[in-house]
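Next come the chains, spelled out residue by residue.
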Amino acid sequence: MTYQLYRNTTLGNTLQESLDELIQFQQISPNLALRVLLQFDRAINTALANKVRTRINFKASKLNTYRFCDNVWTFLMSDVEFKEVQDFAQVDKLKIVACDGRGKAADAC
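Counting restarts for each chain, with residues numbered from 1 along the sequence as it is written. At least 70 in pLDDT is required for a residue's local features to be given in this predicted model, at least 80 for side-chain atom pairs to be given and counted, and no such filter applies to totals for whole chains, interfaces and linings, which use all residues. Only hydrogens and water are removed before side-chain values are computed, so all heavy atoms of the structure are retained for them.

- The name recorded for the protein chain in an unreviewed UniProt entry is Transcription initiation factor IIA subunit 2, from Homarus americanus.
- A UniProt comment under Sequence similarities (unreviewed entry) is attached to the protein chain, and it reads "Belongs to the TFIIA subunit 2 family."
- UniProt positions are given in the numbering used here, feature names are shortened, and annotations may be inferred rather than shown by experiment. In the Function (unreviewed entry) part of its UniProt record, the protein chain is described as follows: "TFIIA is a component of the transcription machinery of RNA polymerase II and plays an important role in transcriptional activation."

Structure below.
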């Protein structure tokens, strides 16, 4: 099983809403909708791991909270600056959820 973090993105939410509508109108079964979501989880995790090569640097003024639970790191930061070559962005608050995408840890979630 792969991480389900990306279901809470615009793409993931839209997919879930579409599947719910298809279930409501009895065009697909709930079992098929679940299989589609599991395939989405696998596909998005694979695509991000293998196709994205962009790197970005960031620096936070303050690390407010961090925790490690079930092989998942969560960081809450404030006043964060992002830099990529010539682009620059700044945000007041940032939450990063980082999961181990290798080996058995990814299969356990």
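1. A word on the pattern of salt bridges
Then, number 1: The working definition used for a salt bridge is a side-chain nitrogen of Lys or Arg within 4 Å of a carboxyl oxygen of Asp or Glu. Scanning the model with the defined rule gives one salt bridge in all.
Then, number 2: For the salt bridge of D41 with R7, the shortest nitrogen-to-oxygen distance reads 2.5 Å. Residue D41 is found in helix α2 (residues 30–50), and its partner R7 is found in the segment before α1 (10–24); the two are separated by 34 residues along the sequence.
Then, number 3: Any residue under 20% of the maximum accessible area for its type is buried, any over 50% is exposed, and the rest in between are partly exposed; the area is computed with a 1.4 Å probe on protein chains only. R7 gets classed as buried once you look at its relative accessible area, which sits at 13%. Helix and strand assignments come from DSSP, with helices taken as H or I runs of at least 4 residues and strands as E runs of at least 2, each series counted from the N terminus.

2. Quick look at the packing of aromatic side chains
Then, number 1: Paired rings are identified among Phe, Tyr and Trp, the last through its six-membered ring, by centres lying within 6.5 Å, and are further divided according to the angle between planes into stacked (under 30 degrees), edge-to-face (over 60) and tilted (the rest). Considering all chains together, one arrives at four aromatic pairs under this definition.
Then, number 2: Aromatic pair F58 and F82: ring centres 6.0 Å apart, planes at 40 degrees, arrangement tilted. You can see F58 sitting in strand β1 (residues 57–69) and its partner F82 sitting in strand β2 (residues 72–84), a full 24 residues away along the chain.
Then, number 3: Look at F58 and you get partly exposed, because its relative accessible area is 41%.
Then, number 4: F82 sits in the buried class, given a relative accessible area of 17%.
Then, number 5: Plain terms: the ring middles of F68 and W73 are 4.7 Å apart, the flat faces sit at 40 degrees to each other, and that makes the pair tilted.
Then, number 6: Exposure remark for W73: the relative accessible area of 35% places this residue in the partly exposed category.

3. Notes on the environment of F88
Then, number 1: Looking at where F88 falls in the secondary structure, it is placed in strand β3 (residues 87–99).
Then, number 2: Measuring from C-alpha to C-alpha, the distance between F88 and F58 comes to 9.6 Å, with 30 residues separating the pair along the chain.
Then, number 3: Residues in contact with F88, not counting those within four places in the same chain, are E81, F82 and K83. What makes two residues a contact is simply this: any of their non-hydrogen atoms within 4.5 Å.

4. What about a nonpolar patch on the surface?
Then, number 1: Patches in this entry comprise residues that are over 30% relatively accessible and not in a salt bridge; like charges within 9 Å are linked, as are nonpolar side chains (Val, Leu, Ile, Met, Phe, Trp, Tyr) within 5 Å. Shrake-Rupley sampling with a 1.4 Å probe provides the accessible areas, and residues are treated as covered by the protein chains on show and by no other component. A cluster of nonpolar side chains, L63, Y66, F68 and W73, forms an exposed patch at the surface whose accessible area comes to about 440 Å².
Then, number 2: Among the elements that line the nonpolar patch, the one with the most residues is β1, at three residues.
Then, number 3: With respect to the secondary-structure elements, L63 resides in strand β1.

5. Section: unusual backbone geometry
Then, number 1: Phi is positive for Q26, which is not a glycine, with a value near 55 degrees.
Then, number 2: On the basis of relative accessibility, which here comes to 73%, the residue Q26 falls in the exposed class.
Then, number 3: The backbone of D79 sits at a positive phi, close to 50 degrees, despite the residue not being glycine.
Then, number 4: Assignment of secondary structure puts D79 in strand β2.
Then, number 5: Residue class for D79 comes out partly exposed when judged on its relative accessible area of 37%.

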